[in-house]
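# Descriptive structure summary
For reference, the chains in residue letters:
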Amino acid sequence: MRFTRIISLVVLFKLFVGSFPHPPESAWIRINLIGYKPSAIKVAVWCGKKDSKISTFDIVDMSTSKVVYSNKIGKAFGAYGPFTYTYRLDFTQFSTRGIYFIRTGDVRSPTFRIDEAVYKGTADFSLRYMRQQRSKYNPFLRDSCHTSDGYTMDGPMPDSTHVDVSGGWHDATDYLQYSMTSANATYHLLAAYRDFPGVFGDGFRDNGLEGSNGTTDVMDEARWGLQWLMKMHPNSEWMFNQLADDRDHTGFRLPNKDTASYGNGRQRPVYFVTGKVQGLGKYKNRTTGTSSTAGKFSSAFALGSELYKNNDADFSSQLRSKALSAYNFGLRIPGNTQTACYVSPYFYEEDNWVDDMELASAKLYGITGSKSYYDASIEYARKEQQTPWLGKDTASHYQWYPFINIGHYELASLSSGAQKAELISYYKRGIEMVYNKASQNAFLRGVPFIWCSNNLQTAFAIQCYWYRVLSGDQTYAELEQATFDFLLGCNPWGTSMIVGLPENGDFPDDPHSSFNFLNGYQTLGALVDGPVYGSIYKKQLGVSIAHGDEYAEFQSPHVVYHDDYADYVTNEPTMDGTASLVYLLAAKENESPVTIDHGAITRGDQTSKKLAIVFTGDSFGDGGDFILKSLKNEHVKASFFLTGNFYRNSSFAPLIKRLVKDHHYLGAHSDQHLLYCSWTDRDSTLVSKKRFTSDLEANYRIMKTYGIEKSAAKYFLPPYEWYNDSISRWSEEIGLQIINYSPGTISHADYTTPSMKNYRSSDEIMQSIEQKSDSMNGFILLLHIGTDPERKDKLYPRLPELIRVLKSRHYELVTIDRLLSTAK
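Residues numbered from 1 in each chain as written. Predicted model: local features only at pLDDT ≥ 70, side-chain atom pairs only at ≥ 80, totals over all residues. Heavy atoms only, no water.

## Considerations on the overall build of the protein chain
Where we set the bar: By definition, any uninterrupted DSSP run of H or I lasting at least four residues is a helix, any uninterrupted run of E lasting at least two residues is a strand, and each is numbered from the N terminus. The atom set for the radius of gyration is the C-alpha atoms, and the globule formula is 2.2 Å times the number of residues raised to the power 0.38. Exposed residues in this analysis have more than 50% of their type's maximum accessible area, buried residues have under 20%, and partly exposed residues fall in between, with area computed by a 1.4 Å probe over protein chains only. Contacts were defined at the residue level, with two residues in contact if any of their heavy atoms lie within 4.5 Å. When charges are counted, Lys and Arg are positive and Asp and Glu negative, with His and the chain ends excluded. Charge positions come from single atoms, namely NZ of Lys, CZ of Arg, CG of Asp or CD of Glu.
Assigned secondary structure in the protein chain consists of 23 helices and 26 strands. Relative to the compact-globule value of 28 Å for 824 residues, the protein chain shows a C-alpha radius of gyration of 29 Å, a close match. With the principal axes as the frame, the protein chain shows a C-alpha extent of 90 × 75 × 55 Å. Within the protein chain, the proportion of its 824 residues that are buried is 61%. At a minimum sequence separation of 6, the contacts of the protein chain that also span at least 24 residues come to 74%. Here the protein chain holds 86 positive side-chain charges and 91 negative ones, and the gap between their average locations is 4 Å.

What follows is the structure in structure tokens.
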């Protein structure tokens, strides 16, 4: 917990009357500290050590201190952990945007937000930790590390043969690197981009340093993972399982100052995937085959090949070849590969493998079309219908990995009819096993408190999400949300499990990390291991509490969590858990049917193959006739946002009448094409509310002369496509919803002229659209109805070509109101 130490008169007074102690707290309200989307299920948990006989709760608006919502307390769940009484406080029906707290008697919750954009940027935020974990070149430190890796062990080549396997990510606070976790992490990052491309930004280059490179940061990170995996599977006969071993565990040190010795200079050992028991010292693992690791390699390569097909054909081809050879490597000795240890009996004890081969064969079917892979995937799926930890109270360390059967989702997405229903039923049965336990406590916690419990919690939330997406069944929606909320503060300790998130909330600030311990660098974005059973914690060697237990009153013999660097069991960040979290946060950010930026809708539903072409106009309309004819010939409806200047221009009147007659969408673009806010300081509003409103009303008055009613034109596109939160709020107050173009192309640059520094040719613009054309679900594509005569290279003559490109990608081209039919 964080305390601001401010000496004030109030504090001095309290010191003076210190003989009158304040009674200790005996009840608390736990919430999701980041907040909730308006349409989300919203439930807090009241937990106390004494029965307060509560029956109702209130939601209080922070800005007015007024009660804005009240409801009855839910059923009593009884004791849980350190608490004697627990209740669920359901406020799902309250959806007004704002900042609030919950109050029951003298007990109040931390403040929280309700807003569509509440999770915006969180997935990108967690990528910070992935970059910090990079090996070979570490962009956080701006220095190199582990560049000499490594020398081979247990392979077909002589031991100590040097191979270049530098790169990839360190696994956690230690600097071991495992193929199993790295491949799973890479897959989650690739899948996050595939499923939610509009969520991610481009603030970093491929080397991890700040700056834009034209590629989303999640794909930069995924490529970093793919490139290391390619080194770990350099040819069809070679595959390596891990880099370094537990000789690494020599205490805190930064990766660029690693002092761990493996007897071969700065090189570290790289272990071959043998399919047999491994271990160079006294302790051995229980490996039985090659399939689990090879399957993970294959699926990551296959998904990468799929995603790079249209913009990096050579890389895609290399990945396709690697996917096929890795799969064949997995067929050599059916069975599981575990990690190797040396000085201690601790290793990743993966015991399953058919889930990995199911996913690999499903993805190979996707990139090859060969039915034999599909058939193989179905057979693998039937052998492990539920991931074995589901419904259980315990498991060995990483015994069932990954913690979710990804293959069921990917295979179901490629299936239909009875086979799709069969795969969905596997997910449902697994969820039901967890729900049977979760329904017995107020936090709806059904995931076992074993080591890396937060990783399991994240995986289970994703399984619930995938089940809901595949089936449309909302039965477990509350369980899904509660599983997610637990990670963000709705848990017995009232803390988020993600370092730095939310910024002003309670989160781990003393993680088990060399970065933090030695230099005070935070591991921002990282998911920590999470709470464990008290029995597990007590058995671990070398674990302690160095800085005092700030959560002491919330610990119990049942389960503990400590925000303390000396507790490597509950408070160590993990790379693979964080990569899974990136997917989950992206799903949550994307879950709204629309994307919001500063109050404006900038993209529609990304699960729908719909796209809106919008045109703006003020002084120029030279493309109008050609655009209208092209739309008619292609049987496409578009949207036109025009200023009052444009509507009043008598030379444009015939065009506007034809647009109305052909049932295109016509909206407002301000009356006088005003600049609403500063280009350099967006928060600096340049117009008064009165001027903004009167100008917009003038725009709608002239529109009405063409029969365009304000009620039918509620979507408003600001002039210059530039606005801020104040403009959005003022628009909402008069019944309008601001929209703006979707980022990702430079279509809006079709107005530029050669004399401008930001000039873009029509070829450049078309190329940017074609490069994005496979991931434009819900896109708002902005063009101009006319441009300055100085621009000779007009884009609008290429509108038929553009439409054909979009149609070839199977987009339905619709008006803005149809695109946003599910918007608020």
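## Side note on the sheet that holds strand S14 (residues 240-243)
The criterion, for reference: Paired strands, as defined in this entry, are two strands with at least two bridges between them according to DSSP.
With mixed pairing, the four strands of this open sheet are ordered in space as S12-S15-S14-S13. Edge positions in the sheet fall to strand S12 (151-153) and strand S13 (177-178), since each has one partner strand and no second. One ladder, built from three bridges, connects S12 with strand S15 (residues 269-272); its direction is parallel. In the sheet register, Met153 faces S15, and the bridge partner there is Tyr271.

## Examining the side chain of Asp248
Among the structural elements, Asp248 can be located in the loop between S14 and S15. If near-sequence neighbours (up to four positions away) are discounted, Asp248 is found in contact with Asp174, Tyr175, Leu176, Arg253, Ala260 and Tyr262.

## Here's the deal with the pairing of strand S21 (residues 639-642)
To keep things clear, this is the line we draw: When the strands point away from the viewer, a crossover counts as right-handed if the path from the first strand over the helix to the second runs clockwise.
The alternating pattern of S21 places Ser639 and Phe641 and Phe640 and Leu642 on opposite faces, both of which are buried. The sheet contact formed by strand S20 (residues 610-617) and S21 spans four bridges and is parallel. Bridge pairing in S21 links Phe615 to Phe640. As for the winding sense of the linkage, the β-α-β connection from S20 through helix H16 (residues 624-633) to S21 is right-handed.

## Notes on the sheet that holds strand S6 (residues 85-90)
Remark on secondary structure: sheet strands pair via backbone hydrogen bonds, oriented parallel or antiparallel. How we decide: Here the axes come from fitting lines to C-alpha atoms, over the contacting stretch only for helices, and the angles between their N-to-C directions go from 0 to 180 degrees.
Spatially, the three strands line up as an open sheet ordered S1-S3-S6, and their pairing is antiparallel. Looking at strand neighbours, the two that pair on one side only are strand S1 (27-30) and S6, the edges of this open sheet. Averaged over all pairs of adjacent strands, the angle between strand axes in this sheet comes to 20 degrees, irrespective of strand direction. In this structure, S1 lies alongside strand S3 (residues 43-48), joined through four bridges in antiparallel fashion. From the neighbouring strand, Ala27 faces S3, where its bridge partner is Gly48.

## With respect to the pairing of strand S5 (residues 67-72)
Summarising the sheet, strand S4 (residues 56-61) and S5 pair through five bridges and their orientation is antiparallel. Its bridge partner being in S5, Asp58 is matched across the sheet by Ser70. Here S4 folds back onto S5 in antiparallel fashion, the turn holding five residues, of which Ser65 has a positive phi close to 65 degrees.

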